[in-house]
Amino acid sequence: MAERIVDLAVDVDPTRDHVRGPCGATVTVLEYGDYECRYCGQAEPVIRELLRGVDDVRYVWRHLPLADVHMHAQIAAEAAEAAAAQGFYWQMHDLLLAHQGSLQPDDLSHYAAKIGLNTERFEHDLRTRAGAARVAEDVESADLSGVAGTPTFFINGLRHHGAYDIASLSAAVRDARERARVGGLRAGVDTR
């Protein structure tokens, strides 16, 4: 049997990636996103709905700040990483997507205070660009996977080429779930 081509060049690593949902999920939805991209903002409620009430889907965000068109995308990604350093990645992620038009350094410091971060440490991490290398790793993985725009989704490693509305993503998740189920059944069959 020929191996299926996997579009995602760098596998999800739960010890490194930002993962929302169960680690042992059957289906992984990965998004390359930009906090200033309005389409990523529009995708956020769709992702929340997709995850609501399911226990076999996890969501991964990887940074792809499109700095040539979004002047605050890079600092916003680094702010998310500064929050991650204090264990508050998803809280900052949600605020950044909810306030895409307010991503100046003062705004970011306000969000840090709002979610209870040590703001002195947060601001130091922003000034020294402590999260820049982590963001660059995500950008490199996007390049390796042929991603040029945001949002770009991968479902169980395969690039999603359809729309990112709830119907399209739900159908893609159902298909991935079924492929995983059939693949699991085949894996347990003795083919000698």
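Relevant structure appears above.
Reading guide: rules and limits
Residues numbered from 1 in each chain as written. Predicted model: local features only at pLDDT ≥ 70, side-chain atom pairs only at ≥ 80, totals over all residues. Heavy atoms only, no water. Helix = DSSP H or I, 4+ residues; strand = E, 2+ residues; numbered from the N terminus. Rg over C-alpha atoms; globule rule 2.2 N^0.38 Å. Buried < 20%, exposed > 50% of the residue type's maximum accessible area, 1.4 Å probe, protein only. Contact = heavy atoms within 4.5 Å. Areas by Shrake-Rupley, 256 points an atom, 1.4 Å probe, with all protein chains shown as cover. Lys, Arg positive; Asp, Glu negative; His and termini not counted. Charge placed at Lys NZ, Arg CZ, Asp CG, Glu CD. Polar contact = N/O pair within 3.5 Å; in protein donor to acceptor, adjacent residues only side chain to side chain. Axes fitted to C-alpha atoms, helices over the stretch in contact; angles between N-to-C directions. Parallel < 35°, antiparallel > 145°, perpendicular 65-115°, else oblique. Left-handed = near helix turned anticlockwise from the far one by under 90°. Nonpolar A, V, L, I, M, F, W, Y, C, P; charged D, E, K, R; others polar. Expected span 1.5 Å × (residues − 1). Bend = angle between axes of the 7 residues up to and from the residue. Core = buried A, V, L, I, M, F, W, Y, C linked by side-chain atoms within 4.5 Å. Disulfide = S-S within 2.5 Å.

Asks: Would you mind going over the overall build of the chain with me for this structure?
Replies: Assigned secondary structure in the chain consists of seven helices and five strands. Order of helices (α) and strands (β) in the chain, N terminus to C terminus: β-β-α-β-α-α-α-α-α-β-β-α. A compact globule built from 192 residues should have a C-alpha radius of gyration of about 16 Å, and the chain, at 18 Å, falls within 12% of that. Taking all 192 residues of the chain together, the buried fraction comes to 47%. Taking contacts inside the chain between residues at least 6 apart in sequence as the whole, the part at least 24 apart equals 76%. As presented, the chain carries roughly 10,000 Å² of accessible surface, and 52% of it is formed by carbon and sulfur atoms. Within the chain, one finds 20 positive and 29 negative side-chain charges whose respective centroids are separated by 6 Å.

Asks: Looking at this model, I keep getting lost on the side chain of Thr28. Mind explaining?
Replies: In this fold, Thr28 is placed in strand β2 (residues 27-33). Among the residues examined, Thr28 registers a relative accessible area of 10% and is labelled buried. Polar side-chain contacts of Thr28 include one of 2.5 Å to the side chain of Arg58. Those residues in contact with Thr28 that lie beyond four places of it in its chain are Val12, Arg58, Val60, Phe154, Ile155 and Asn156.

Asks: Quick question: what am I supposed to make of the packing of helix α2 (residues 73-84) against helix α6 (residues 132-144) here?
Replies: Each pair of packed helices can be described by the angle between their axes along with the distance between the axes. In the contact formed by α2 and α6, the axes pass within 9 Å of each other and the chain directions differ by 115°. One finds that α2 runs roughly perpendicular with respect to α6. Every pair of crossing elements has a handedness; the one defined by α2 and α6 is right-handed. Counting all contacts with α2, which are made through Gln74, Ala77, Glu78 and Glu81, the residues of α6 involved are Ala132, Arg134 and Val135. The residue makeup of the contact of α2 with α6, split by class, is three nonpolar, one polar and three charged.

Asks: It is not clear to me how helix α1 (residues 38-51) should be interpreted in this structure. Could you clarify?
Replies: Note that an α-helix has 3.6 residues per turn; residues three or four places apart therefore point the same way. Over its 14 residues, α1 extends 21 Å from the first C-alpha to the last, a length consistent with the 20 Å expected when each residue adds 1.5 Å. In α1, a bend of some 25° at Glu44 exceeds every other bend along the element, and Pro45, a proline, comes one to four places later. Gly53 sits one or two residues past α1 and shows a positive phi near 75°.

Asks: When you look at the nonpolar core in this model, what are you seeing that I'm missing?
Replies: In globular proteins that are soluble, nonpolar side chains generally tend to be buried together. Val29, Met92, Leu96 and Phe122 are the most contacted members of the largest nonpolar core, which has 38 residues in total. For Phe122, the residues in contact, after removing those within four places along its chain, are Ala79, Ala82, Ala83, Gln86, Met92, Leu108, Ser109, Ala112 and Leu117. In this structure, Val60, Leu66, Ala142 and Val147 belong to the second largest nonpolar core, which totals eleven residues.

Asks: Whenever I open this one, the state of the cysteines confuses me. Can you help?
Replies: Here a disulfide denotes a covalent bond joining the sulfur atom of one cysteine to the sulfur atom of another. Considering all chains together, one arrives at zero disulfides under this definition. The cysteine Cys37 is free of any disulfide, with Cys40 supplying the nearest cysteine sulfur at 3.6 Å. With a relative accessible area of 3%, Cys37 lands in the buried category.

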